[in-house]
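# Residue-level structure breakdown
Spelled out, the chains give:
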Amino acid sequence: MYDRILLPTDAEKGAELATEHAIAVAESTGAELHLLYVVDSDVYSSYTGDEYVHEFEGLEAALEQEGEEALESATKAAREAGLEPTTAVRHGTPHEEILAHAEDEDVDLLILGSKARSGEYRRLLGSVTDRVARLASRPVTIVKTPVEDGE
């Protein structure tokens, strides 16, 4: 049914459930598992001016490191299940890069994690997962993780 599955990860608490689900689906279907982390360019490019050059470079590097660690953790879990995932780090707007990567790799299914938050919170802030689900031209599975107030 699926040949290639994409799991974008954001290194946030709760990503474990989506990772577990993606691994289980890949195992049961024999699909390749692709892991992706997007370094959000809006986070590090919002600073302008020469006085921020060093912080800019440091922030981008820190975000890349966070992504590498998130991918390493998901890769370890996949390997423990007998899978050999493909990993990638992209820079840009997260939902756009996820959709572009899905297209580039011709994935059959995207599996995304989402924190189960109130409707009011979502209306105010939206989410990458919501945008991907609305704009994707291929199937999307959303794995919800409950969160406590204040998280």
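Now for a quick tour of the structure. (Residues numbered from 1 in each chain as written. Predicted model: local features only at pLDDT ≥ 70, side-chain atom pairs only at ≥ 80, totals over all residues. Heavy atoms only, no water.)

## A few points about the nonpolar core
Residues I5, L7, L33 and I111 are the most contacted members of the largest nonpolar core, which totals 22 residues. Setting aside its immediate chain neighbours within four residues, L7 contacts A18, T19, A22, L33, H34, L35, L36 and I111. L6, V38, L112 and V132 belong to the second largest nonpolar core, which has 10 residues in total. (Core = buried A, V, L, I, M, F, W, Y, C linked by side-chain atoms within 4.5 Å. Buried < 20%, exposed > 50% of the residue type's maximum accessible area, 1.4 Å probe, protein only. Contact = heavy atoms within 4.5 Å.)

## A word on the environment of S127
Tracing the chain through its elements places S127 in the loop between α5 (119–125) and α6 (128–135). The spacing of S127 and K115 is 12 residues in sequence and 9.5 Å in space, taken between C-alpha atoms. Side-chain polar atoms of S127 contact the backbone nitrogen of D130, separated by 2.9 Å. (Helix = DSSP H or I, 4+ residues; strand = E, 2+ residues; numbered from the N terminus. Polar contact = N/O pair within 3.5 Å; in protein donor to acceptor, adjacent residues only side chain to side chain.)

## Here we look at unusual backbone geometry
For D106, which is not glycine, the phi dihedral falls at a positive 50°. For D106, the position within the fold is in the loop between α4 (94–104) and β4 (109–116).

## Description of the side chain of E97
If you trace the backbone, E97 turns up in helix α4. Take E97: its relative accessible area is 16%, and that puts it in the buried class. Not counting residues within four places of it along the chain, the set of residues in contact with E97 comprises L36, V38, R90, H91 and G92.

## Looking at the pattern of salt bridges
Tallied over the entire structure, the rule returns 6 salt bridges. Between D106 and R4 there is a salt bridge whose closest N-O contact spans 3.3 Å. Of this pair, D106 sits in the loop between α4 and β4 while R4 sits in strand β1 (residues 4–8), placing them 102 residues apart in sequence. On the basis of relative accessible area, D106 is assigned to the partly exposed category, the value being 42%. With its nearest N and O atoms 3.0 Å apart, the salt bridge here joins R90 to D104. Note that R90 is positioned in strand β3 (residues 86–92) and D104 in helix α4, a separation of 14 residues in sequence. By relative accessible area, R90 is classed as buried at 19%. A single salt-bridge network, built from bridges that share partners, covers R4, E103, D106 and R138. (Salt bridge = Lys/Arg side-chain N within 4 Å of Asp/Glu carboxyl O.)

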